[in-house]
Amino acid sequence: MSDLNEVGERDGWRCWLCDAAVDPDASTNSDLGPSVDSYSAAKAKKGAAVVERLAHRACNTMKGKIAPVVPWSADLFVVDPSPIFESVERLKAKGGREIVARCPDERDATQASEWLLDRLSRLAPGVRFSTELKPGGGQYMLALRVD
């Protein structure tokens, strides 16, 4: 298991699940305190490298009860957004492309695309993603792919 400070510094003291800041000085017993999450360890094949990530204690604990939820920003105008975590896991395993949201106009789609790529840089470090905006039917489809 990695040192909490090493993981925190590497992850910029941001929770990989909710993307909010984690206070490095908070008690590890506090809901908003720092913890090291090794979610991928439970899913990893024997001998595979495990990535440990920084999470709030409450986010890490909740994730143990239900599948991890990585929310879309409330500032975005997206319709029918796909669950981010599940889309990322599928694309990492199988490749290809997946429609992850619909947006009413190009500006909203561009904003959602930029936000998603930024968010994925912290959610799945080491994996390169790209997005594609496809107009059609009076809306824009936001597609995600692994490069």
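Check the entry above for the structure.
Here the structure is a predicted model, which is why all the values come from computation and not from measurement. Counting restarts for each chain, with residues numbered from 1 along the sequence as it is written. Only residues with pLDDT of at least 70 get local features here, since the model is predicted, and only at 80 or more are side-chain atom pairs given and counted; chain-wide, interface and lining totals rely on the full set of residues. Processing note: side-chain calculations cover all non-hydrogen atoms of the structure and skip hydrogens and water entirely.

**Focus on helix α4 (residues 84–94)**
Working definition: with a 1.4 Å probe on protein chains only, accessible area under 20% of the residue-type maximum means buried, over 50% means exposed, and in between means partly exposed. Each helix is a run of H or I in the DSSP string that is no shorter than four residues. Each strand is a run of E no shorter than two, and both are numbered from the N terminus. Buried within α4 are the following residues: Ile 84, Phe 85, Ser 87, Val 88 and Leu 91. One side of α4 carries all its buried residues, which in axial view fall inside an arc of 165 degrees. Turned more than 90 degrees off the buried face of α4, the exposed positions are Ala 93 and Lys 94. Of the residues flanking the end of α4, it is Gly 95, one or two places downstream, whose phi is positive at about 75 degrees. Arc, as used here, means the arc of the directions from the helix axis to the C-beta atoms.

**Notes on unusual backbone geometry**
Leaving glycine aside, a negative phi is the common case for residues, and trans is the common case for peptide bonds. Of note in this structure, Asp 19 is not a glycine but carries a positive phi near 70 degrees. Positionally, Asp 19 belongs in the loop between α1 (4–10) and β1 (34–37). The buried category is assigned to Asp 19, whose relative accessible area is 12%. Even without glycine at this site, Asp 80 takes up a positive phi of about 50 degrees. Mapped onto the elements, Asp 80 comes out in the loop between α3 (57–65) and α4.

**Concerning the side chain of Ser 35**
Inspection of the secondary structure puts Ser 35 in strand β1. Under the relative-accessibility criterion, Ser 35 is labelled buried at 13%. Counted as a polar contact is a pair of N or O atoms within 3.5 Å, where, for protein atoms, one must be capable of donating a hydrogen and the other of accepting one, and residues adjacent in sequence contribute only when both atoms are in side chains. Side chain to side chain, Ser 35 and Asn 60 meet in a polar contact 3.0 Å long.

**So, the pattern of salt bridges**
Within this document, salt bridges are pairs made up of a side-chain nitrogen of Lys or Arg and a carboxyl oxygen of Asp or Glu, the two lying within 4 Å of each other. Tallied over the entire structure, the rule returns 13 salt bridges. In this structure, Arg 122 engages Asp 19 in a salt bridge whose closest nitrogen and oxygen atoms are separated by 2.6 Å. Taken as a pair, Arg 122 in helix α5 (residues 106–123) and Asp 19 in the loop between α1 and β1 lie far apart in primary sequence, 103 residues in all. The partly exposed category is assigned to Arg 122, whose relative accessible area is 24%. With its nearest N and O atoms 3.1 Å apart, the salt bridge here joins Arg 122 to Asp 118. Here Arg 122 pairs with Asp 118, and both are found in helix α5, just 4 residues apart, close to one helical turn. Through salt bridges with shared partners, a single ionic network connects Arg 14, Asp 19, Asp 118, Arg 119 and Arg 122.

**Details of α5**
With 18 residues, α5 extends 25 Å between its outermost C-alpha atoms, agreeing within 8% with the 26 Å of an ideal straight helix rising 1.5 Å per residue. Among the residues of α5, Asp 108, Ala 109, Ala 112, Ser 113, Leu 116, Arg 119, Leu 120 and Leu 123 are the ones counted as buried. Here the buried residues of α5 occupy an arc of 140 degrees about the axis, which is enough to place them on one side. Among the exposed residues of α5, those oriented more than 90 degrees off its buried face are Arg 107 and Glu 114. Of the surrounding secondary structure, the elements contacted by the buried residues of α5 are β2 (53–56), α4, β3 (97–103), β4 (129–136) and β5 (139–146). Capping the start of α5 is the job of one residue whose side-chain oxygen sits 3.2 Å from the backbone nitrogen of Arg 107: Asp 105. In a helix, the anticipated span is given by 1.5 Å times the number of residues less one. What makes two residues a contact is simply this: any of their non-hydrogen atoms within 4.5 Å.

**Considerations on the pairing of β2**
Side-chain alternation along β2 places Arg 53 and Ala 55 on one buried face and Leu 54 and His 56 on a second face that is also buried. Pairing between strands requires that DSSP locate at least two bridges from one strand to the other. Bridging between β1 and β2 involves 4 bridges; their strand directions are antiparallel. Within β2, the residue paired with Pro 34 across the bridge is His 56.

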